[in-house]
Amino acid sequence: MPTLTVDNVKVSVPDGTTILDAARSIGVKIPTLCFLEGYAPQGACRVCLVEVEGARTLVASCSMPAAEGMQVRTNTRRVREARRTVVELILSDHDGDCQTCNRSGDCELQELARDLGITEITHVGEKHRRTLDATTPALVRDTAKCIACRRCVSVCNHLQSIGGIFPQKRGFQTVIGPAFGQGLDTVTCVQCGQCAAVCPVGALGERDQIAEVWAALENPKKHVVVQTAPAIRAALGECFGYPPGTLVTGKMVSALRRLGFNAVFDTNFAADLTIMEEGTELLVRLKKALVAKEKVALPMFTSCSPGWIKYMEYFYPDLLPNLSTCKSPQQMFGALAKTYYAQKIGKKAEDVFVVSVMPCTAKKFEAQREEMNASGARDVDVVLTTRELGRMIKQAGIDFAALPDDRMDSPLGLSSGAADIFANTGGVMEAALRTAYEIVTGRPLPAENLHIKPIAGLDGVKEAALTITGTLPEWSFLEGVTARVAVAHGLSNARKLTEQVRAGQAPYHFIEIMTCPGGCIGGGGQPRITTNAVRTARIAAIYREDEGKKLRKSHENPEIKQIYAEFLGKPLGEKSHHLLHTHYTPRKRN
Amino acid sequence: MAADAATCPCAQVPDAKLMERLDAVLKEYKGKPGALIPVLQQAQGIFGYLPEAALHRVAEAMNKPYSEVAGVVGFYAFFSTQPRGKHVIRVCMGTACYVRGGKKVLEALRQKLKVDVGQTTPDTLFSLEVARCFGACGLAPTISIDNDVYKRVRPAKIGEILDAYYPKAAQGGKAHGKR
């Protein structure tokens, strides 16, 4: 426990604590740029320089451990001038068109320059050439805005274990990107957008599709409907200055109505439907394995997260049979909006235009997958991220804070609390167990407030076990069986489980994977920047939404009962098979 | 990648024999930590440069992302992804050589060979590269041709040094030098 002095304040910190963290613990704000919570410091940007008595040079506080008796000064003329010079040099090689940059007002470099009092560009010299990489459906890279902080490299490699982008070349020539200056389409990018989620500037972001939505809304021939993913309501408020974890469900519906959508629906409805289909699929697989002694692919993996799906297609093609065949809620919704709903309002599939609002960039990729046209047209036409919806609402001049609360439309708008928790890690599993346990035993899940504690929270890999007793006669083959489940978020954590499964050593029946840390609430399309504190706040909001509902279980949702009675027949029935299930394709790793 | 052997002259399909030799190297280094750079050095020794197919093979065998392998190749001036000449000339641009006229030596070589740094002469005899210090600063300025190091090189003497590398039958080099 070294004790040091930061700006004349004494502070004791655990061994190994950096000067940066020590300073933050007593409310001293040291600016950072390349620093990313949870990762080894890069020491690349030199913005966090401080003065340490006795040291020959200024030191980078993000990577210097605190030591006994250290005298640190964070606000001397020398420090201020050094930081300014560092940022001025970064600005000298940065495309400074702030007014036309989509990060304006939300850019860490812009904020830093302002906080340091930089009012002119002092150094003029050679600049990086702009290469605009728009080779993928979801993400756009702009090398002229990149400041080579390497945050994106950390998440792509360590968090996701993909390794699509690395520093290429050296010195001034350095470009952060795929091999040999190629586009993201040449590497095993799963389009998760975590790189964009941590980018401090406008170098990495989603493909902006707002104009396509405006065009559809202005087209009198199109009936334009919108669906919003569970995670949006707990994060959209941040685009308008609300603190993380503020639920804005009602205002969001109002805003979508004012934007001119013909109907405002909920992806949550399709999440409830996913539980019916996926839960049944799991029970069928278990029955085949335990009763018919057939060889079936177990454990079964969830299939809601399109980055995870693409990852499996690249890295574990041998395990594709273990993936649930259920489409993601987004795609189930699209297929139903253009069939079930279109019939109800007397329209053809091609006259209904489906817009999704997702916390995710990979959803843009998923929507344009070749096979996603079960309705006879593209099932989902355009996907907007949470950030894009925030910008669109601003473009429309809507005063978000002043909006009244409104409700989703029927028949694709009602959902249970089980659907809400699809937004966070552990949520899909909990939702599935709430329904599956009740189907098998006729009794509610024996868990306090229906929450399964061991699979909640931000640990990377979590597991739970539940012994099934008192089964209904139809499910007697499950009597006494201990159901084992696992949950992982972040693809490097998912990899631990897929390796176990590949080695035949996984004791689980059902595994939930979400591509992004914290689940969809921490998705690549969410307001920036998402720290663990932000994740925790958004998850708490989602649980509040769940607990605030009378309906907590997917199978109790009356609109779900209605769609099976009127249209789908039964889970895994012929219509479901055609509209709600899909197949996967191995992809070549290049 | 899109490079098509039929349209792109730089895409040479590597010889299957050379690939076998690379596989042997990869086998030798399998599971050893810090093996990427030695493997790439040996691969360059085998092919004369680092063709794309070889880099893909290295990435796959070593279970490393292709972008990471490419990043390492791009970082070190020693590695080349372009086919190189029979002889590789490296001009030292380390501090000592630089201040003692390395830049003039490089300029003389450029003029003489009519190629730029990183390029190969049309007869594929020489490739011109720069290096950062051979550890022979007392002998500055230095150049190396293949594995031989030349000390206290004067720009005027470049022709003399190169003459030894032209094939005996073809005297084109001499004529070239007198121009």
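Residues numbered from 1 in each chain as written. Chains lettered and ligands numbered in written order. Predicted model: local features only at pLDDT ≥ 70, side-chain atom pairs only at ≥ 80, totals over all residues. Heavy atoms only, no water.

Student: Please provide a residue-by-residue account of the overall build of chain A, values included.
Tutor: In terms of regular secondary structure, chain A is built from 18 helices and 18 strands. Rg of the C-alpha trace for chain A: 25 Å, near the compact-globule value of 25 Å for 590 residues, within the 12% margin. Overall size of chain A, expressed as C-alpha extent along the three principal axes, is 80 × 55 × 50 Å. Taking all 590 residues of chain A together, 60% fall into the buried category. A separation threshold of at least 6 residues defines the contact pool for chain A, and within that pool the share at least 24 residues apart is 74%. As displayed, chain A has an accessible area near 23,300 Å², and 52% of this comes from carbon and sulfur atoms. Separation of charge centres in chain A, based on 70 positive and 63 negative side chains, amounts to 2 Å. (Helix = DSSP H or I, 4+ residues; strand = E, 2+ residues; numbered from the N terminus. Rg over C-alpha atoms; globule rule 2.2 N^0.38 Å. Buried < 20%, exposed > 50% of the residue type's maximum accessible area, 1.4 Å probe, protein only. Contact = heavy atoms within 4.5 Å. Areas by Shrake-Rupley, 256 points an atom, 1.4 Å probe, with all protein chains shown as cover. Lys, Arg positive; Asp, Glu negative; His and termini not counted. Charge placed at Lys NZ, Arg CZ, Asp CG, Glu CD.)

Student: Please set out the pattern of salt bridges residue by residue, giving values where relevant.
Tutor: Residue and element names in this part refer to chain A. Considering all chains together, one arrives at 42 salt bridges over all chains under this definition. The residue R84 makes a salt bridge to E88 at a minimum N-O spacing of 4.0 Å. Taken as a pair, R84 and E88 lie in helix α2 (residues 77–92) at a separation of 4 residues, close to a single helical turn. Residues joined by salt bridges that share partners form a network here, namely D95, R130, D142 and K145. (Salt bridge = Lys/Arg side-chain N within 4 Å of Asp/Glu carboxyl O.)

Student: Give a description of the side chain of S154(A) that names residues and reports values.
Tutor: Residue and element names in this part refer to chain A. Topologically, S154 is positioned in helix α4 (residues 151–159). Among the polar contacts made by the side chain of S154, one reaches the side chain of Q42 at a distance of 3.1 Å. Look past the residues within four positions of S154 in its chain and what remains in contact with it is Y39, Q42 and L159. (Polar contact = N/O pair within 3.5 Å; in protein donor to acceptor, adjacent residues only side chain to side chain.)

Student: Hey, could you go over the interface of chain A and chain B for me, with residue numbers and the actual values?
Tutor: With 19 residues of chain A at the interface, the matching set in chain B holds 15 residues. Carbon and sulfur atoms make up 65% of the surface buried where chain A meets chain B, a total of about 1,200 Å² over both sides. Here chain A and chain B share 0 salt bridges between them. There are 5 residue pairs in polar contact (both at pLDDT 80 or more) connecting chain A and chain B. Take the side of chain A that touches chain B: its biggest share by element is 3 residues, from strand β8 (residues 166–168) of chain A. Of the residues in the side of chain A that touches chain B, the class split is 8 nonpolar, 8 polar and 3 charged. (Buried area = accessible area lost by both parts, 1.4 Å probe. Nonpolar A, V, L, I, M, F, W, Y, C, P; charged D, E, K, R; others polar.)

Student: Please provide a residue-by-residue account of the sheet that holds strand β3 (residues 143–145) of chain B, values included.
Tutor: All names here are of chain B. Taken together, the 4 strands give an open sheet; going across it, the order is β2-β1-β3-β4, and neighbouring strands pair in mixed fashion. Each edge of the open sheet carries a strand with a single partner, namely β2 (126–131) and β4 (148–150). In this sheet, adjacent strand axes meet at a mean angle of 20° when their direction is disregarded. Examined bridge by bridge, β3 and β4 share 3 bridges and lie antiparallel to one another. The residue of β4 that forms the bridge with I145 is D148. Sheet strands in contact with helix α5 (residues 95–113) are β1 (87–92), β2 and β3, and its direction is about 145° off that of β1. (Pairing = 2+ DSSP bridges. Axes fitted to C-alpha atoms, helices over the stretch in contact; angles between N-to-C directions.)

Student: Summarise the domain arrangement of chain B; cite the residues concerned and give the values.
Tutor: Structurally, chain B comprises domain 1 (16–75) and domain 2 (87–178). A separation of 28 Å is found between the C-alpha centroids of domain 1 of chain B and domain 2 of chain B. (Domains from an automatic or database assignment.)

Student: Tell me about the domain arrangement of chain A, residues and numbers included.
Tutor: Residues and elements named next belong to chain A. Split by domain assignment, chain A resolves into domain 1 (3–91), domain 2 (128–207), domain 3 (223–269 + 330–402) and domain 4 (273–326 + 415–528 + 539–580). The gap between the C-alpha centroids of domain 3 and domain 4 is 23 Å. Taken together, the contact between domain 3 and domain 4 spans 32 residues of the former and 39 residues of the latter. Of the roughly 2,900 Å² buried between domain 3 and domain 4 on both sides combined, carbon and sulfur atoms contribute 62%. Among the residues domain 3 hides against domain 4, the three largest losses belong to F269, M332 and R387. Together they make up 26% of the total.

Student: Account for the packing of aromatic side chains, with residues named and values stated.
Tutor: Residues and elements named next belong to chain A. Per the counting criterion, the structure on display carries 17 aromatic pairs over all chains. Between Y242 and F400, the ring centres sit 6.4 Å apart and the planes meet at 80°, which makes this aromatic pair edge-to-face. Of the two residues, Y242 is situated in the loop between β11 (223–228) and α7 (249–259) and F400 in the loop between α12 (386–395) and α13 (417–420); the sequence distance between them amounts to 158 residues. Using a relative accessible area of 21% as the deciding quantity, one classes Y242 as partly exposed. (Phe/Tyr/Trp six-rings, centres within 6.5 Å; stacked < 30°, edge-to-face > 60°.)

Student: Tell me about the pairing of strand β17 (residues 482–489) of chain A, residues and numbers included.
Tutor: Residue and element names in this part refer to chain A. The pairing of strand β16 (residues 461–467) with β17 spans 7 bridges and is classified as antiparallel. Paired with A465 across the two strands is R484, which belongs to β17. Here β17 pairs with strand β18 (residues 510–514) via 5 bridges, running parallel. If you follow V485 over to β18, its bridge partner there is F510. Note on the crossover from β17 through helix α15 (residues 491–502) to β18: the handedness is right-handed. (Right-handed = clockwise from strand over helix to strand, strands pointing away.)

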